[in-house]
Amino acid sequence: MTPTAGPHPAAGRTRGIQVVAAIIRANLTRLSRDRLGLFFILLLPFLIILLFGVAAADGPASPAVGLLAHDDAAVATALVDRLQDAEELEVVRYGDRAQLERALRRGRLQAAVVLPHGLDAALRADETVDVELLADPSGGLPAVARSVIDRIVAEESARIEAGRIAAATSGLGADEARAMAAAVDRAGEPEVVVETVTAVADDYDPLSQSAAGNLVLFVFITSLVGSSALVETRRLGLSRRMLAAPTSARTVLLGEASARFAVALFQGVLVVVGASMLFGVDWQDPLAVALIVVLISLAGTGAAMLMGARFRNAEQAATVAVPMGIGLGMLGGCLWPLEIVPAPLQAIGRLTPHAWAMDGLTAVTMRGAGVPDVLGAVTVLGVYGAALLAVAAWQLRRALLS
């Protein structure tokens, strides 16, 4: 008898690649016929980027500004009165700094003014006084608030100096008065300076922040929604038919994972390119952004496959996917910075891959960070992606073979 040769390893690999490509093609074809899914992927992210970006850039017509004055001496009282009389501002008095900062973090205020202790005494001693202007970390500092506060402080500073010179030159002749005024100028004059204290970088761009948040949010939502197709594939028995052919479970798992990863990656690339072209978002370092997009897409792929392995029908998966995606995005800082939420929620948010992706994207887009600067966030994202994919592959393999 002549021994029969088995299939050549190269032929097996070629067939495996063809099966993976067929699974990807089938999933993409199914997605192309889903109008609601295409709306989520192609249009909704850009509508939300525009909505959040414009809202953050414009702010309210009359910004709510908190005011904390530590004493009621003449100069402090004058500044308080002028700020409260400003028609462009909605001024709210606070008696405690902790309450003021809490209101600022929670978005009830867009900015806050803090007048220091001993304002009058410092001015009488010819000292420069800093008036703190605290900015809302989620929306930046409204230009109208900064302009009005700067104007009022500058006018009060000029009035104080005029009164000081007048007092120094009263009762003197014209020549003596001019000499005294010159001496005062040479000695220096007291100043009231507005010092801005904010958690936002000087180049804060609300559209960039919105684009980064929506990139992470929609990559994950799109992935989770795609889990319903995997559940349907199992329910219809398509996976079993593929396994009945000379196809290994590993090949089927690779095909399903590749299909979901391709959709997630397409969503991420679409947001990056679309936000850049439509809204002028500067993503700074393309390599760092690409690395974060790939890793958050892998994490989303793992989460989608895990849901696809655990749910029994597509309706359950579709019903849970969107609320879960939005909830994780809220916890992870996609809709607002984690810095403005209470510490316990910040700790919970750090358990999501979203928070680490946002850390990396914010560092890149706001501070011009590169790959070396975001290695910590990238490493955590890689761990999330690998862990989710490993658990999902194990669960899905059991579901397919059971």
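Above this text is the structure in question.
Residues numbered from 1 in each chain as written. Predicted model: local features only at pLDDT ≥ 70, side-chain atom pairs only at ≥ 80, totals over all residues. Heavy atoms only, no water.

(A) Summary view of unusual backbone geometry. Here glutamine 284, not a glycine, exhibits a phi torsion of approximately 65°, which is positive. On the secondary structure map, glutamine 284 appears in the loop between helix H11 (249–279) and helix H12 (286–310). (Helix = DSSP H or I, 4+ residues; strand = E, 2+ residues; numbered from the N terminus.)

(B) Structural view of the packing of H11 against H12. Running from N to C, H11 and H12 cross one another at 135°; their axes reach a closest spacing of 8 Å. In terms of their interaxial angle, H11 and H12 are classed as oblique. Crossing of H11 over H12 shows right-handed handedness. On the side of H11, the interface is formed by Leu253, Ala257, Arg260, Phe261, Ala264, Leu265, Gly268, Val269 and Val272, while H12 contributes Val289, Val293, Val294, Ser297, Leu298, Thr301, Ala304 and Met305. Among the residues making up the contact of H11 with H12, the classes are represented as 13 nonpolar, three polar and one charged. (Axes fitted to C-alpha atoms, helices over the stretch in contact; angles between N-to-C directions. Parallel < 35°, antiparallel > 145°, perpendicular 65-115°, else oblique. Left-handed = near helix turned anticlockwise from the far one by under 90°. Contact = heavy atoms within 4.5 Å. Nonpolar A, V, L, I, M, F, W, Y, C, P; charged D, E, K, R; others polar.)

(C) Quick look at the environment of glycine 370. Within the secondary structure, glycine 370 sits in the loop between helix H15 (353–367) and helix H16 (375–401). Placed 82 residues apart in sequence, glycine 370 and alanine 288 show a C-alpha to C-alpha distance of 5.8 Å. Those residues in contact with glycine 370, other than ones at most four positions away along the chain, are Asp285 and Ala288.

(D) View of helix H13 (residues 314–331). Under the 1.5 Å per step criterion, the end-to-end length of H13 is 26 Å for 18 residues, consistent within 8% with the ideal 26 Å. The largest bend along H13 measures about 30° and falls at alanine 321, with the proline proline 323 one to four residues further on. The N-terminus of H13 is capped by asparagine 313, whose side-chain oxygen sits 3.2 Å from the backbone nitrogen of glutamate 315. (Expected span 1.5 Å × (residues − 1). Bend = angle between axes of the 7 residues up to and from the residue. Polar contact = N/O pair within 3.5 Å; in protein donor to acceptor, adjacent residues only side chain to side chain.)

(E) Fine view of the packing of aromatic side chains. Applying the stated criterion across every chain yields a total of zero aromatic pairs. The ring of tryptophan 356 carries the charged tip of arginine 350 above its face, separated from the ring centre by 5.3 Å. (Phe/Tyr/Trp six-rings, centres within 6.5 Å; stacked < 30°, edge-to-face > 60°. Lys NZ or Arg CZ within 6 Å of the ring centre and 35° of its normal.)

(F) The environment of alanine 392, seen in detail. For alanine 392, the location among the structural elements is in helix H16. Using a relative accessible area of 0% as the deciding quantity, one classes alanine 392 as buried. Each C-alpha atom of the pair alanine 392 and alanine 309 lies 7.2 Å from the other, and the pair is 83 residues apart in sequence. In this structure alanine 392 touches Gly302, Met305 and Leu306, once residues within four positions along its chain are discounted. (Buried < 20%, exposed > 50% of the residue type's maximum accessible area, 1.4 Å probe, protein only.)

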